[in-house]
Amino acid sequence: AAESQHVAAPKAEAPGASGTAATGASSAAAAESEHAAAAKAEKATKVEDRPHSKKVRKEGQFVPAPASAGHDSGPIGTSTVLVIIPFRDRDGHLTKFKQYWRWFAKEGRLPRKVARWEVFVVEQFDSQTFNRGWNFNVGVAIASAQKSASPDISDGMHFDFDCAVIQDIDYLPEKGVDYADCAVPMQLSSEIDRYNWKTPYMKSAGGIVGMNLAHWRQINGFGNDYFGWGGEDDELHHRLRINNLLMGDCYPHCTGKNDPNIGKKGLAIKRPRKGYGKFSGKYMHSANHTKRITDSESYARNVKMLQEIENDSPRWKTDGLSNLEFRILSTDVDKSDSADGVTYHHIKVHRGSGEYNLHGIQLAVPRSLCEDSSGSGGAGAGAWSVIELGSDVPWDMAALRVRAAAAVEAGGGGSCSSFVAKSLSFVLVDRRRNLAKILSDGDPRLLVVFYRSLHNPQTDGLIIADARGRDALQADFTKAGAFVTPSTEYSVCTSPLKREGPKYSLHQGPVCTGGGWERLDQGYFRAYAKPRQGLHAYSWCDNEKFWVQRFVKGDKCDGKWGAQKWVFGGTFYASKSKGYCVGSRASATEGGSTFSRLLVKDDCGGEGFEHAFNFAGVAETHIAAAVTVCIGHEKGGPKMRISLGGESCESEELQPLVRIPARAGASAASGDHRFCVEPESDGSDTIKEEGQCGGERKFTFALPKAAPASAGAGGPG
């Protein structure tokens, strides 16, 4: 079961409605004039009260950002800001974010303009590739109670807010950033540490962006279909352009004080004045933004959509807030920082309008687990207690063990909670794919990954409790020929430098993710993400400032090398044979020329690089042991159809009768009963024993001749 990635607005505000662009432009123009007046008023502010005041005195060039017109200038303002964090698998970052926000809410912008912070952590709960823009749209829909987006939204969820801001969890604001400044669409993160305190390019609309609800509705939010990298932020630029909401000039990419584009509105999104848009990733100790994996089809689709809107496609009118569909799975509210006006809402959501019923997943527990405990004892090695998880879904190992103990007691197995709490493991089964994973204390996050990987939790999910530890379970699966560790895809990517040739980066997946990266010719290999006998560890180390990498032997990275700081990026396990070479170039001074290169050669020396080592990828792993045989008949007809694969059981042409878990013919064990499926002359299919099969076969499969022997107290064998 491995993981692979409105109410419609009032008519005057409906996305794409006649006259909205002009209205937005005139209100933005009025706000600009208010900005100018506020800027004059703030010139009297003492230097000591301004952020980065030491730099002001030294350089004499610092211009403070003006206060937004219409907000209280007292000790604490009256603004309510909705901060939406697109989220998945970043629990450690979220803990650090909350710690940092306690300071920022109180001291980040003085005088305080925001009285109330509503922080929505919107968690995309599925196995699709991460979709940043869709997650943000979900947050806006819930906070503004846009009921058509989800049947789970109620009027009580609505609250009034002044600004809605999309916030990346790994880039945090420095002192002076004004989240309440959204009279016009504003790219708050205009000075980013990794981009030498600029934006990556002039037309960038990525990072932390704030708008009022009317403007978000006017552009119809983000596009919903940008999976992985990318382009949802580049499309945002064009949505603003089409709606006459670009109020910025060339800053911070003006070529000098005589640049003719200075003051020329409409070139880019509006940005705060210098010194008031600083964001840094150093607080999270992360070398890069999280790399969002994209399959080749998604990547091509993203590029196509971006090209469409660059040519003024009207798709933006129907793709965004207006066609959003999702289900809310759970909501947790954290008010521990409410004294500072901060409330967190952690919301798990699933894409689509169909019900995603986690509480219907079955939990199977052998009653023999409690044979030696108090109570009536077990009911024999073959007896099981099977229950549904229920409305209170267990999200971690401790809660799942408690639920397993309750299941045994409900089935007459006695009380064994102390035993269960200490040592119980679980086998997480996806019955659609006939695949399973072992859940133990060593990888507690796997339970959440399993939940969201299920196509239909109620029919596909099964959790089996087992007294054996992970190693013993893995050994038994391996002995049965049913344990497979798949290899992982990696791409060697390059990006041009202004001088000294290209830089290199290793990306997980079959394509290069992020703008400006191209895959090296033959730069694709497979390796393992975990240790494997006979293979060696190789790691990549990230430099945040210059976005370059160093490749090393082993599973660790030096914190400093070549006058630069490095952070561990990841490790893969491969052969030490020749296939690829690694060479490194270290400069004595800090700069972007210090990094490694990875080539499809035997030797990476030359051009200032010193050859370091070689490695080779591994062969592709085929997971073919488990298959599903689907038996049914044509819809509206009598012909029997037999197919291979869980998805084919739900095709438009087939009325399924039964799905049988089986072994693929090529993976049959000795002693298995072997079968073939043959087409008949009338178009129907027939199952035959192997000895009766003719020349034309659709496929073969195998089944055990007898059920596996019971494993006693250990659960199913």
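For every chain, the first residue of the written sequence is number 1, and numbering continues from 1 onward in sequence order. Note on the predicted model: pLDDT of at least 70 is required for a residue's local features to be given, and 80 or more for side-chain atom pairs to be given and counted; whole-chain, interface and lining totals, by contrast, use all residues. With hydrogens and water excluded, all non-hydrogen atoms of the structure serve as input to the side-chain values.

Asks: I tried to follow unusual backbone geometry on my own but got confused; where do I start?
Replies: The phi torsion of most residues other than glycine is negative, and most of the peptide bonds are trans. A cis geometry characterises the amide bond from leucine 110 onward to proline 111, with omega recorded as -5°. Following tyrosine 251, the chain continues into proline 252 via a peptide bond in cis, with omega recorded as 5°. Note on placement: proline 252 falls in the loop between helix H6 (232-242) and strand E8 (278-280). A positive phi angle, near 65°, is found at asparagine 220, a position not held by glycine. Within the secondary structure layout, asparagine 220 lies in the loop between helix H5 (213-218) and H6. Helix and strand assignments follow DSSP, with helices taken as H or I runs no shorter than four residues and strands as E runs no shorter than two, numbered in order from the N terminus.

Asks: Please clarify how the packing of aromatic side chains should be interpreted in this entry.
Replies: Think of a pair of aromatic rings as described by two things: how far the centres are apart, and how the planes are tilted against each other in angle. Whether two aromatic rings pair depends on their centres lying within 6.5 Å, for rings of Phe, Tyr and Trp, where Trp uses its six-membered ring; planes under 30 degrees apart make the pair stacked, over 60 edge-to-face, and the rest tilted. A full pass over the atoms with the stated rule returns 37 aromatic pairs. Residues tryptophan 517 and tryptophan 547 carry aromatic rings whose centres are separated by 6.3 Å and whose planes lie at 80° to one another, so their mutual orientation is edge-to-face. With tryptophan 517 in the loop between strand E17 (503-508) and strand E18 (518-527) and tryptophan 547 in the loop between strand E19 (536-543) and strand E20 (548-553), this pair connects stretches of sequence that are 30 residues apart. Ring centres of phenylalanine 675 and phenylalanine 701 lie 5.3 Å apart, and the angle between their planes is 20°; this geometry places the pair in the stacked category. Here phenylalanine 701 lies in strand E31 (residues 699-703) and phenylalanine 675 lies in strand E29 (residues 673-679), a separation of 26 residues in the sequence. Like phenylalanine 701, phenylalanine 675 is buried. Counting every residue linked through ring pairs, the aromatic cluster contains Phe97, Tyr100, Trp101, Trp103, Phe104, Trp117, Tyr179, Phe279 and Tyr283. The rule is short: NZ of Lys or CZ of Arg within 6 Å of the ring centre and within 35 degrees of the ring normal puts a charge over the ring. The aromatic ring of tryptophan 395 is capped on one face by lysine 348, whose charged end is 4.6 Å from the ring centroid. When accessible area is computed with a 1.4 Å probe and restricted to protein chains, residues below 20% of their type maximum are described as buried, those above 50% as exposed, and intermediate ones as partly exposed.

Asks: Would you mind showing me how to read helix H3 (residues 91-108) here?
Replies: Take the seven residues that end at a residue and the seven that start at it, fit an axis to each, and the angle between those axes is the bend at that residue. Of all the bends found along H3, the most pronounced is centred on tyrosine 100 and spans about 25°. The contact definition used throughout considers only heavy atoms, calling two residues in contact when any of these lie within 4.5 Å. Here the buried face of H3 lies against strand E1 (76-87), strand E2 (112-124), strand E4 (172-173), strand E9 (326-334) and strand E10 (342-351).

Asks: Teacher, can you tell me more about the nonpolar core here?
Replies: A general feature of soluble globular proteins is that nonpolar side chains tend to end up buried together. Counting residues in each nonpolar core, the largest one holds 36 residues, and the members touching the most others are Phe120, Trp216, Leu236 and Phe326. For this core, the leading source of residues is helix H4 (residues 132-143), giving seven residues. Setting aside chain neighbours within four positions, we find phenylalanine 120 in contact with Leu82, Val83, Ile84, Ile85, Gly139, Ile142, Ala143, Phe159, His345 and Ile347. We call a set of buried residues a nonpolar core when its members are Ala, Val, Leu, Ile, Met, Phe, Trp, Tyr or Cys and they connect through side-chain atoms within 4.5 Å of each other. The next biggest cluster of nonpolar side chains, apart from the first, holds 31 residues, and it includes Leu94, Ile169, Val177 and Leu188.

Asks: Sorry if this is basic, but what is going on with helix H10 (residues 446-453) here?
Replies: Three or four residues apart is the spacing at which side chains of an α-helix point the same way, because the helix has 3.6 residues per turn. For H10, the tally of buried residues reaches eight of eight residues, placing the bulk of the element in the interior. Those residues of H10 that fall on the buried side of the exposure criterion are Leu446, Leu447, Val448, Val449, Phe450, Tyr451, Arg452 and Ser453. In this fold, the buried residues of H10 make contact with E2, helix H8 (397-410), strand E13 (425-430), strand E14 (435-439) and strand E15 (461-466).

Asks: How do you make sense of the sheet that holds E29 when you look at a structure like this?
Replies: By definition, the strands of a sheet pair up through backbone hydrogen bonds, in either a parallel or an antiparallel sense. Strand pairing is assigned whenever DSSP identifies at least 2 bridges connecting the two strands. Strands sit in the order E27-E26-E28-E31-E29-E30 across an open sheet of six strands; the sheet is antiparallel. If you trace the sheet from one side to the other, it starts and ends with strand E27 (640-644) and strand E30 (685-689), each paired once. Shown here is a sheet whose adjacent strand axes are inclined to one another by a mean of 35°, direction ignored. Relative to strand E28 (residues 654-664), strand E26 (residues 626-634) is paired through nine bridges, and the arrangement is antiparallel. Angles shown run from 0 to 180 degrees and are taken between the N-to-C directions of axes, each axis being a line fitted to C-alpha atoms and, for helices, limited to the stretch in contact.

Asks: Would you mind showing me how to read the sheet that holds E1 here?
Replies: In space, the seven strands of this open sheet follow the order E5-E7-E3-E1-E2-E10-E9, with mixed pairing throughout. Two strands lie at the open edges of the sheet, namely strand E5 (186-187) and E9, each paired on one side alone. Of the strand pairs in this sheet, E5 and strand E7 (residues 209-211) are connected by two bridges, and their pairing is antiparallel. Bridge pairing in E7 links methionine 186 to glycine 210. Across the sheet, H4 lies against E1, E2, strand E3 (163-166), E9 and E10, angled at about 135° from E1, the strand it touches most.

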